[in-house]
Amino acid sequence: MSDPHAETPDEQRFLRVFRQLPAVTAYARRRGSPDAEAIAAETMAVAWRRLDAVPLADPLPWLLGTARNLLLEQYRAAQRGRVPSHAEDVFYDPRLEPGGLSPELDAALRQLSPSDREALLLIAWEGLTSAQAARALGVSAVAFRVRLHRARRRCGALLAASDLRPIPQTEVSNGR
Amino acid sequence: MAADVLDRLRRERPAAEPADAGDPADAGALFAQIVAVRRDANAPRAPRFPRRRLALVLLAALAIAAPLAIAARTTHVLDFALGDPPPTPVVQFLDGMLQPAYGPKEGPPQNGPTRQDIVKGSERVVAEVRLRTGKTARLYAVDVRTGGQCFAAIGGPFDGGSCVPGPSKWRYPVAAAAQMGGAGRAGTFAKNPVLYGRITKIGATSLVARYADLSSDVIPTRNGWFLFEVPKAHWLRGHEPLRLDVLDGSGRVVGSMKDPFGLHPPTSPKPEHPSGVQRVLARESLGWKGAILELQSAAGDRGHRCVRVVNAHSTNTGGWMCGAVVAQTAPVSEGQTTTPPPVYFELHQLVRGATPGGYVYARGWVGPHVASLEIRFQDSTVAPIPLHDRLFIYVVPEAHWALGTRPSYVIARDRSGRAIFRRFLYPAAPCAYPLGEKSCAGRFITNG
């Protein structure tokens with residue numbers, strides 16, 4: 001991305017934040033947003049309004065946290081009038097992604113709690129460190145590490161259970 | 001398996017690379033569009049409340065605020081916020097009006113507020129009046145942490161004050177104190193008498209002074225506080241204030257205070273006197289200038305027993321105590337029905353400031369269930385206190401004056417040896433023993 005033109009000191013500060021636009025767009029898209037660009041643009045607009053609150057040295061966690069709130073707001077607006085089974089399910093919908101996931105991983109992620117799932121995905125998909133992911137979720141680094149450890153263990157157990165599941169007989173015969 | 005989870009997730013990461021974010025030219029346009037809006041004009045908006053939620057919030061606020069407002073109105077808790085701050089001497093006067101606080105081991109539990117309980121900065125003028133002398137008297141109040149307030153009238157015949165507990169604990173409808181500027185002359189009971197205080201009855205709104213000549217005056221109040229100079233016509237005996245009536249909003253009397261100036265005290269019964277032979281039950285040396293302590297007993301002229309302790313050194317020895325005070329069943333006052341503690345124990349001393357020398361002794365009596373009495377010292381030694389017809393005197397030896405060896409408990413036992421009473425004696429009380437400590441300079445203590 002070529003640098004947009006920044007004139008005032010505030011605009012120059014904001015430019016350092018704005019450079020994270022592609023990462024925010026990708027985040028929104030991976031969380032299943034049908035309008036990831038709009039979410040990213042709104043995130044940047046919020047960052048401009050609250051520029052003093054944005055940690056300029058490392059703005060990505062703050063931006064992802066804001067984008068997550070906007071996604072949740074978008075989801076609530078869409079679901080208003082209905083009773084969702086789980087408010088945060090929308091944050092992971094691999095069916096919207098090109099290529100998709102393996103069925104085992106898809107099933108395992110869906111069985112995790114939203115907070116466990118988000119902890120795993122911020123590390124694995126968004127490439128954040130534990131400290132950055134903790135800031136994005138608004139928890140302490142220690143709490144995040146505990147959550148991540150728990151999520152990895154649970155997800156691992158779910159994947160192991162799916163690996164041990166007996167293979168349907170029809171598939172065995174088809175393989176011969 | 002858990003260790004592989006992140007690797008597997010990374011391998012299957014959905015394709016949403018930063019390159020998908022759009023055309024760089026679009027990003028530049030977006031940047032320009034965002035920064036075109038002034039930041040201060042886009043400060044975070046207050047959350048919008050739907051009307052229903054707003055109505056609920058208003059209802060909840062009303063439900064909380066209404067009782068608080070009523071309570072504040074009736075208990076006058078906002079008085080301090082409404083008054084003016086007093087000058088420094090008044091703050092010092094209010095501070096000095098209360099007893100100094102001492103540690104839990106330096107004396108018995110303190111009743112009422114101490115200087116430490118004053119809420120600094122809460123001193124306020126709550127009422128004022130222009131006196132006949134042309135001076136202005138003011139009533140100041142201060143909040144105390146134990147609940148309630150202390151108040152002081154400054155500028156009247158003389159400065160004085162009092163304290164009241166919180167309204168919920170106070171069983172009197174009005175807390176009033178009186179000042180009189182000297183003895184009355186030519187048939188008057190006082191000169192420049194002043195009444196001050198506050199209405200403490202919840203729901204009461206006004207105060208009326210009733211006089212002996214059946215006339216009355218409405219006493220002006222401000223948030224329940226009042227400072228009132230009695231009109232000159234009512235300085236005369238026969239016209240003096242007899243009662244303060246507290247009225248509610250409908251004019252109904254909801255409480256009264258009788259005889260605010262204490263001009264008509266209740267008559268007390270004639271005391272009983274010893275008659276007949278006086279017996280000496282015990283005699284001890286005080287160890288001070290050859291002085292002797294004697295425990296004496298005699299029959300009273302109404303059939304009760306009378307006792308006294310005579311200290312040959314002191315003229316401050318208590319006189320005879322007769323009647324039910326030392327009756328056969330328990331040391332209670334006549335007409336009193338409550339059960340007293342099994343032991344009545346007093347510690348007396350002569351402490352001459354920083355000059356060493358004096359004495360310390362105990363005196364008292366025990367109830368009928370007490371078979372023996374003992375005194376325990378800080379060094380864990382124990383000494384019996386001989387009982388003489390349930391009365392006792394005990395001189396504390398000089399070896400037990402120093403801190404670390406002083407009396408610490410008095411213990412009473414029944415016939416089976418079971419302890420039925422135990423009382424802490426506050427051995428760390430400053431200047432309680434005649435050791436001549438420098439810190440006790442100027443504190444001459446003698447109480448018989």
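Above this text you will find the structure in question.
Undergrad: In this structure, what is going on with the overall build of chain B? I would like to understand it.
TA: Secondary structure assignment for chain B yields 5 helices and 22 strands. The buried share among the 448 residues of chain B stands at 40%. Pairs at least 24 residues apart make up 55% of the contacts formed inside chain B by residues separated by at least 6 positions. Element-wise, carbon and sulfur atoms account for 56% of the exposed surface of chain B, whose accessible area totals about 24,400 Å².

Undergrad: Help me understand helix α5 (residues 103-111) of chain A in this model?
TA: At 3.6 residues per turn, the α-helix brings residues three or four places apart onto the same side. All names here are of chain A. Among the residues making up α5, those that are buried are Leu105, Asp106, Ala108 and Leu109. Projected down its long axis, α5 shows its buried positions confined to an angular sector of 165 degrees, all on one face. Summarising the geometry of α5, the exposed residues directed more than 90 degrees from the buried face are Pro103 and Gln111.

Undergrad: Help me out: how do you make sense of the pattern of salt bridges in this one?
TA: Side chains carrying opposite charge are able to pair once their charged atoms draw close together. All names here are of chain B. The final tally for this structure, using the stated rule, is 21 salt bridges over all chains. Across the pair aspartate 248 and arginine 252 runs a salt bridge whose closest N-O atoms are separated by 3.3 Å. Exposure remark for arginine 252: the relative accessible area of 53% places this residue in the exposed category. For arginine 363, the salt bridge identified is with glutamate 346, shortest N-O distance 3.7 Å. You can see arginine 363 sitting in strand β16 (residues 355-366) and its partner glutamate 346 sitting in strand β15 (residues 343-352), a full 17 residues away along the chain. Using a relative accessible area of 9% as the deciding quantity, one classes arginine 363 as buried. On the basis of relative accessible area, glutamate 346 is assigned to the partly exposed category, the value being 24%.

Undergrad: Any chance you could explain the side chain of threonine 405 of chain B here in plain terms?
TA: Residue and element names in this part refer to chain B. Tracing the backbone shows threonine 405 in the loop between β19 (391-395) and β20 (407-413). A distance of 3.4 Å separates the side chain of threonine 405 from the backbone oxygen of alanine 399, its partner in a polar contact. Sequence-distant contacts of threonine 405, that is, excluding residues within four places in its chain, are made with Phe377, Gln378, Asp379, Ala399 and His400.

Undergrad: Even after reading the chapter, I still don't get the sheet that holds strand β13 (residues 292-300) of chain B, so can you show me in this structure?
TA: The pairing of strands in a sheet happens through backbone hydrogen bonds and is either parallel or antiparallel. Residues and elements named next belong to chain B. Taken together, 3 strands build an open sheet; the order of strands is β12-β13-β14 and the sheet is antiparallel. The strands lining the two open edges of the sheet, one partner per strand, are β12 (274-285) and β14 (305-311). Neighbouring strand axes in the sheet, compared pairwise and without regard to direction, differ in orientation by 20 degrees on average. Sheet topology note: the β13/β14 ladder contains 7 bridges and is antiparallel. Each bridged residue has a counterpart across the sheet, and for leucine 295 the counterpart in β14 is valine 309.

Undergrad: When you look at the pairing of β12 of chain B in this model, what are you seeing that I'm missing?
TA: Residues and elements named next belong to chain B. When β12 meets β13, the two strands line up antiparallel, connected through 9 bridges. Within β13, the residue paired with valine 280 across the bridge is glutamine 296. Linking β12 back to β13 in an antiparallel pair, the connection comprises 6 residues, with glycine 287 at a positive phi of about 70 degrees.

Undergrad: Any chance you could explain the sheet that holds strand β6 (residues 194-199) of chain B here in plain terms?
TA: Residues and elements named next belong to chain B. If you trace the 3 strands from one edge of the open sheet to the other, you get β5-β6-β9, paired in antiparallel fashion. Each end of this open sheet is capped by a strand with a single partner; those strands are β5 (174-179) and β9 (225-229). Averaged over all pairs of adjacent strands, the angle between strand axes in this sheet comes to 15 degrees, irrespective of strand direction. As defined by bridge partners, β5 adjoins β6 across 6 bridges and the pair is classed as antiparallel. Within β6, the position partnered with alanine 176 by the bridge is glycine 197.

Undergrad: How should the environment of proline 434 of chain B be read in this particular structure?
TA: All names here are of chain B. Turning to its location among the elements, proline 434 is positioned in the loop between β21 (419-424) and β22 (444-446). Here the alpha-carbon distance between proline 434 and glycine 357, two residues 77 residues apart in the chain, equals 5.4 Å. The residues touching proline 434, leaving out its near neighbours within four places in the chain, are Leu350, Val351, Pro356, Gly357, Gly358, Tyr359, Val360 and Trp401.

Undergrad: Sorry, what's going on with a nonpolar patch on the surface here?
TA: On the surface, Leu56, Leu59 and Leu62 of chain B cluster together to form a nonpolar patch covering roughly 330 Å² of accessible area. Of note, leucine 59 of chain B is situated in helix α3 (residues 51-75).

Undergrad: Which parts of the structure should I look at to understand the environment of leucine 63 of chain A?
TA: Residues and elements named next belong to chain A. Relative to the helices and strands, leucine 63 is located in helix α4 (residues 60-79). Of the residues examined, leucine 63 reaches a relative accessible area of 0% and is grouped as buried. As a C-alpha pair, leucine 63 and alanine 136 span 73 residues in sequence and 7.6 Å in three-dimensional space. Excluding its chain neighbours within four sequence positions, the residues that come into contact with leucine 63 are Val17, Gln20, Val24, Thr43, Met44 and Ala47.

Undergrad: Please explain empty space enclosed by the protein as it appears in this structure.
TA: Residue and element names in this part refer to chain B. Scanning the model with the defined rule gives 4 cavities of 30 Å³ or more in all. Put simply, the largest cavity is a space of about 80 Å³. Residue lining of the largest cavity: Leu295, Val307, Arg308, Val309, Met321, Tyr344, Glu346, Arg363, Gly364, Trp365, Leu391 and Phe392, and that is the complete set. Looking at the lining of the largest cavity, the elements with two or more residues in it are β14, β15, β16 and β19. Grouping the constituent residues of the lining of the largest cavity by class yields 8 nonpolar, 1 polar and 3 charged.

Undergrad: Sorry if this is basic, but what is going on with the layout of surface pockets here?
TA: To locate leftover empty space, one rolls a probe as large as a water molecule over the atoms. Residue and element names in this part refer to chain B. The space that makes up the second largest pocket amounts to roughly 370 Å³. Looking at the second largest pocket, it is lined by 19 residues, and the ones nearest its centre are Glu106, Gly107, Pro108, Ala429 and Ala432. For the lining of the second largest pocket, the residue count by class is 13 nonpolar, 2 polar and 4 charged.

Undergrad: Looking at this structure, how should I read the side chain of histidine 234 of chain B?
TA: Positionally, histidine 234 of chain B belongs in the loop between β9 and β10 (241-248). Discounting residues that sit within four places of it in the chain, histidine 234 of chain B has contacts with Phe189, Tyr211, Asp213, Ser215, Asp217, His239, Glu240 and Pro241 of chain B.

Undergrad: Any chance you could explain the nonpolar core here in plain terms?
TA: Soluble, globular proteins show a tendency: their nonpolar side chains are buried together. Ranked by internal contacts, the top residues of the largest apolar core, which has 57 residues, are Phe14, Val17, Phe18, Met44 and Leu120 of chain A together with Leu9 of chain B. With residues near it in sequence (within four places) discarded, leucine 9 of chain B still touches Leu105, Leu109, Leu120, Leu121, Ala124 and Trp125 of chain A. With 22 residues, the next largest nonpolar core counts Phe345, Phe377, Ala383 and Val396 of chain B among its residues.

Undergrad: Teacher, can you tell me more about the packing of helix α6 (residues 114-124) of chain A against helix α7 (residues 130-137) of chain A here?
TA: Relative orientation and spacing of two packed helices are given, respectively, by the angle between their axes and the distance between those axes. Residues and elements named next belong to chain A. With their axes 10 Å apart at the nearest point, α6 and α7 run at an angle of 135 degrees to one another. Considering the angle they form, α6 stands oblique to α7. The two elements α6 and α7 meet at a crossing, and its hand is right-handed. Here α6 contributes Glu118, Leu122 and Ile123 to the contact with α7, which in turn contributes Ser130, Ala133, Ala136 and Leu137. Its residues assigned to classes, the contact of α6 with α7 comprises 5 nonpolar, 1 polar and 1 charged.

Thresholds, definitions, all that
Every chain begins its residue count from 1, and numbering advances along the sequence as written. Numbering of ligands from 1 and lettering of chains from A proceed in the order in which they are written. Local features are withheld for residues below a pLDDT of 70 in this predicted model, meaning they are given only at 70 or higher, and side-chain atom pairs are given and counted only at 80 or more; totals for whole chains, interfaces and linings count all residues. Side-chain numbers come from the whole structure's heavy atoms, not from hydrogens or water. Going along the chain from the N terminus, every DSSP run of H or I of four or more residues is numbered as a helix, and every run of E of two or more is numbered as a strand. Using a 1.4 Å probe on the protein chains alone, a residue whose accessible area is under 20% of its type maximum counts as buried, one over 50% counts as exposed, and one in between counts as partly exposed. Whether two residues are in contact is decided by their heavy atoms, any of which lying within 4.5 Å being enough. The accessible surface values rely on the Shrake-Rupley method and a 1.4 Å probe; as for residues, cover is taken only from the protein chains in view. As used here, the arc belongs to the directions running from the helix axis to the C-beta atoms. Whenever a carboxyl oxygen of Asp or Glu lies within 4 Å of a side-chain nitrogen of Lys or Arg, that contact is scored as a salt bridge. Identification of polar contacts relies on pairs of N or O atoms within 3.5 Å, with a donor-acceptor requirement for protein atoms, meaning one able to donate a hydrogen and the other able to accept it, and with residues adjacent in sequence counted only if both atoms are side-chain atoms. The criterion for strand pairing is that DSSP finds at least two bridges linking the strands in question. Each axis is a line fitted through C-alpha atoms, and for a helix only the stretch in contact is used; angles between axes span 0 to 180 degrees, taken between their N-to-C directions. Nonpolar side chains (Val, Leu, Ile, Met, Phe, Trp, Tyr) are joined into patches within 5 Å and like charges within 9 Å, using only residues with over 30% relative accessible area and no salt bridge. Cavities and pockets were defined on a 1 Å grid built over protein atoms only: a cavity is a set of grid points that admits a 1.4 Å probe from which the probe cannot escape, a pocket is an open set flanked by protein on both sides within 12 Å along at least five of seven lines, and lining residues are those with an atom within 4 Å of any such point. Grid points are joined across faces, edges and corners, and a volume is the space filled by probe spheres set on the points. Under the convention adopted here, Pro, Cys and the residues Ala, Val, Leu, Ile, Met, Phe, Trp and Tyr are nonpolar, Asp, Glu, Lys and Arg are charged, and Gly plus all remaining residues are polar. What we call a nonpolar core is a set of buried Ala, Val, Leu, Ile, Met, Phe, Trp, Tyr and Cys residues that are connected through their side-chain atoms within 4.5 Å. Any angle between 65 and 115 degrees counts as roughly perpendicular, while under 35 counts as roughly parallel, over 145 as roughly antiparallel, and the rest as oblique. Two helices cross in a left-handed way if the nearer one is turned anticlockwise from the farther one by less than a right angle. They cross in a right-handed way if the turn is clockwise.

Limitation: the analysis is restricted to geometry and does not speak to function.
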